[in-house]
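Here is what each chain is made of, one letter per residue.
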Amino acid sequence: MLTETRPTAALHDGARFQAAAATPRPPVIDADDGVSENLPYDEILVGQSAARTRALTMDDVRLFATVSENRNPVHLDPRFAAGSGHGKVIAHGMWTGALVSGLIGSRLPGPGTVYLSQDLHFLHPISVGDRITATVTVVEKRDADRVVVLDCGCVNQDGILVAGGIAEVVAPVAKVRTAPVDLPEVQLIGHHQHDALLKKCERLAPVPTAVAYPCNEPSLRAAVDAAEAGLIEPVLVGPARQMKAIAAEHGLDISACRIVDVEFPKDAAEAAARLARDGEVQALMKGSLHTDELMGAVVRKDNALRTAARISHVFVMHVPTYERTLLITDAAINISPTLDDKMHIVQNAIHLAQALGVKTPKVAILSAVENVNPKIPSTLEAAVLCKMADRGQITGGVLDGPLAFDNAISAEAARTKGIVSPVAGQADILLVPDMVAGNMLAKQLSFLANADAAGIVLGAKVPVILTSRADSQRSRLASCAIAALLAQARRAAAE
């Protein structure tokens, strides 16, 4: 049983625990070696201690919140915490209790111990970066029932007592020594990279965006959510009566949105493209129509949205196990791109990476192998693209290829194969051989590696936001954020 008490006025200064800490004791038992060796009741001496030290990280805080389901924003939200009495994020008080519990269960008395009770008094806040030393010390033994009473204290790197209390446990009878138990590897799947992307747009003006045929709840909600986030200023292009009915049914407020009343999906795509052509909007966004209907309007010559560049698509991936934002191209537009197409696809992606804040992006040109093989066309094209970059036909990035996927994202894999490369292990952009490979790769990262994805179409005079019914709200907002950053970059370039 674990009980928790709030500090009383008499205990809040920690005098009792500080006095105990000053009492001479036998040498401290180091509990940091991972070996589990207990002390049976008969071997335990009053005054024996065990200690461990751990630095608090934000991952510790998030993991504790996840396990305990304690979502108090004072522990998780820096903005909220800044307005609290502490002024910054602090740890859950029971995180120190977990340190104490670990000592008791793994060292003193150790394996076989049964907890009876624990009181804890939280005396000083703990912040990320603090180094906390937890100590448990035997203060009493009761022979009748093998109960051991432990004084528990936690101090920070400045010697300040942050928590203290008393634990009562039943000590084991038999001696046990075991090798360290392999604990499962824990990976925190956060969304801080997408959040950072959205934060970059906080001071940007909303981008006027034509939303083509948002005639189901997900697509209309995406437009409304992006507007509420300050990312876009939506112009809803589609059947007015139907869009208003959907909004009313699902509680979506579109009263502030301009509506262009167009009945059919193809006509909505054409009307949206003309708004971009005439400069009334700076971005296009796919609603519930088919992608080829929207892109057909974008590439129509009389809509004047084409540029000298090839139109291509980029997935912007935030993969929890990869520290960089990863751009994958092209996985949605160009089915079997030619060498000339790939030159444009790479250049588009480099410009996008620069708009996202990567000054000189590293481009890995993917194939099945890392050596040029005349029987594998993608290896030949990779070599040519690298030479084109050497000659200034592709600018702004560092290219290398052919590279297999493992070499592109793992420096260790590249070293194992003897590959010396400025790109291997630190790629910002992955150029895939064709749409099939790219689509598989992006979806594998999303569904097997818990990656957050956003998508954008480049090469036209305005960015085109492609959303899918399977996209989360976070992914839809991220796609709109990318369009906002691109629009800002284009405005800056025009000045």
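All values derive from a computational prediction rather than experimental measurement.

**Remarks on the overall build of the protein chain**
Argument step 1. Within the protein chain, the regular secondary structure consists of 15 helices and 19 strands.
Argument step 2. What you see for the protein chain is a C-alpha radius of gyration of 30 Å, clearly larger than the 23 Å of a compact globule of 495 residues, by over 25%.
Argument step 3. Seen along its three principal axes, the alpha-carbon backbone of the protein chain occupies a region of about 95 × 60 × 40 Å.
Argument step 4. Buried residues in the protein chain amount to 47% of all 495 residues.
Argument step 5. Contacts in the protein chain between residues far apart in sequence, at least 24 positions, make up 70% of those at least 6 positions apart.

**Concerning the confidence of the model for the protein chain**
Regions with low pLDDT should not have their predicted coordinates read in detail.
Argument step 1. Of the residues in the protein chain, 92% have a pLDDT of 70 or more, and the chain-wide mean is 88.
Argument step 2. For the protein chain, the element scoring lowest by mean pLDDT is helix H1 (residues 15-22), at 45; strand S17 (residues 429-431) scores highest, at 98.
Argument step 3. Low pLDDT, under 50, characterises residues 1-24; the stretch is placed with 39 contacts to residues that sit more than four places away or in other chains.

**Things to note about helix H9 (residues 291-299)**
Argument step 1. When we look at burial in H9, the residues that qualify are Leu294, Met295, Ala297 and Val298. End-on view of H9: buried residues confined to an arc of 155°, all on one side of the axis.

**Looking at the pattern of salt bridges**
Argument step 1. This model, assessed by the stated rule, comprises 22 salt bridges.
Argument step 2. A salt bridge links Arg54 to Asp60; the shortest N-O distance between them is 2.7 Å.
Argument step 3. Two residues, Arg300 and Asp302, come together in a salt bridge whose shortest N-O distance is 2.9 Å.
Argument step 4. Residue Arg300 is classed as partly exposed on the basis of its relative accessible area of 39%.
Argument step 5. Look at Asp302 and you get partly exposed, because its relative accessible area is 47%.

**Some details on the domain arrangement of the protein chain**
Argument step 1. Per the domain assignment, the segments making up the protein chain are domain 1 (36-176) and domain 2 (191-494).
Argument step 2. Taking only C-alpha atoms, the centre of domain 1 and the centre of domain 2 are 48 Å apart.

**Details of the nonpolar core**
Argument step 1. In this structure, Val237, Leu284, Leu352, Leu399, Ile456 and Ile482 are the most contacted members of the largest nonpolar core, which totals 86 residues.
Argument step 2. The dominant element in this core, judged by the number of residues it contributes, is helix H15 (residues 473-494), at ten residues.

**Some words on the UniProt feature "domain: MaoC-like" (unreviewed entry) in the protein chain**
Argument step 1. Under the present numbering, the feature "domain: MaoC-like" (unreviewed entry) in UniProt falls on residues 52-148.
Argument step 2. Annotated as 30% helix and 28% strand, the span residues 52-148 places its first and last C-alpha atoms 20 Å apart.

**Considerations on the packing of helix H6 (residues 217-228) against H15**
Argument step 1. In contact at an axis separation of 10 Å, H6 and H15 are set at 55° when each is read in the N-to-C sense. The angle between the axes of H6 and H15 places the two elements in the oblique class. In this structure, H6 meets H15 at a crossing whose hand is right-handed. In this structure, H6 contributes Pro218, Ser219, Ala222, Asp225 and Ala226 to the contact, and H15 contributes Gln473, Arg476, Leu477 and Cys480.
Argument step 2. Looking at the contact of H6 with H15, its residues break down into five nonpolar, two polar and two charged.

**A look at the side chain of Ser421**
Argument step 1. Note on placement: Ser421 falls in the loop between helix H13 (411-416) and S17.
Argument step 2. Here Asp400 takes part through its side chain, which lies 2.5 Å from a polar atom of the side chain of Ser421.

**Examining the side chain of Asp341**
Argument step 1. By secondary structure assignment, the location of Asp341 is in helix H10 (residues 339-355).
Argument step 2. Judged by relative accessible area, Asp341 falls into the buried class, the value being 12%.
Argument step 3. Looking at Asp341, its side chain comes within polar contact range of the main-chain nitrogen of Thr338, at 3.0 Å.

**Observations regarding the UniProt feature "domain: Phosphate acetyl/butaryl transferase" (unreviewed entry) in the protein chain**
Argument step 1. Here the UniProt feature "domain: Phosphate acetyl/butaryl transferase" (unreviewed entry) sits at residues 266-484.
Argument step 2. Secondary structure across residues 266-484 divides into 41% helix and 17% strand, with the first and last C-alpha atoms of the span separated by 25 Å.

**Let's talk about the environment of Ala222**
Argument step 1. Along the chain, Ala222 falls in helix H6.
Argument step 2. The sequence separation of Ala222 and Leu326 amounts to 104 residues, and the corresponding C-alpha distance is 23 Å.
Argument step 3. Discounting chain neighbours no more than four positions away, the residues touching Ala222 are Met285 and Arg476.

**Re the packing of H10 against helix H11 (residues 377-390)**
Argument step 1. In the contact formed by H10 and H11, the axes pass within 11 Å of each other and the chain directions differ by 55°. Viewed along their axes, H10 and H11 adopt a mutual orientation that is oblique. Judged by the sense of rotation from one axis to the other, the crossing of H10 with H11 is right-handed. Where H10 approaches H11, its residues Leu339, Lys342 and Met343 are matched on the opposing element by Glu381, Val384, Leu385 and Met388.

Cut-offs and rules
- Residues numbered from 1 in each chain as written.
- Predicted model: local features only at pLDDT ≥ 70, side-chain atom pairs only at ≥ 80, totals over all residues.
- Heavy atoms only, no water.
- Helix = DSSP H or I, 4+ residues; strand = E, 2+ residues; numbered from the N terminus.
- Rg over C-alpha atoms; globule rule 2.2 N^0.38 Å.
- Buried < 20%, exposed > 50% of the residue type's maximum accessible area, 1.4 Å probe, protein only.
- Contact = heavy atoms within 4.5 Å.
- pLDDT = per-residue confidence, 0-100.
- Arc of directions from axis to C-beta.
- Salt bridge = Lys/Arg side-chain N within 4 Å of Asp/Glu carboxyl O.
- Domains from an automatic or database assignment.
- Core = buried A, V, L, I, M, F, W, Y, C linked by side-chain atoms within 4.5 Å.
- UniProt positions renumbered as here; feature names shortened; annotations may be inferred.
- Axes fitted to C-alpha atoms, helices over the stretch in contact; angles between N-to-C directions.
- Parallel < 35°, antiparallel > 145°, perpendicular 65-115°, else oblique.
- Left-handed = near helix turned anticlockwise from the far one by under 90°.
- Nonpolar A, V, L, I, M, F, W, Y, C, P; charged D, E, K, R; others polar.
- Polar contact = N/O pair within 3.5 Å; in protein donor to acceptor, adjacent residues only side chain to side chain.

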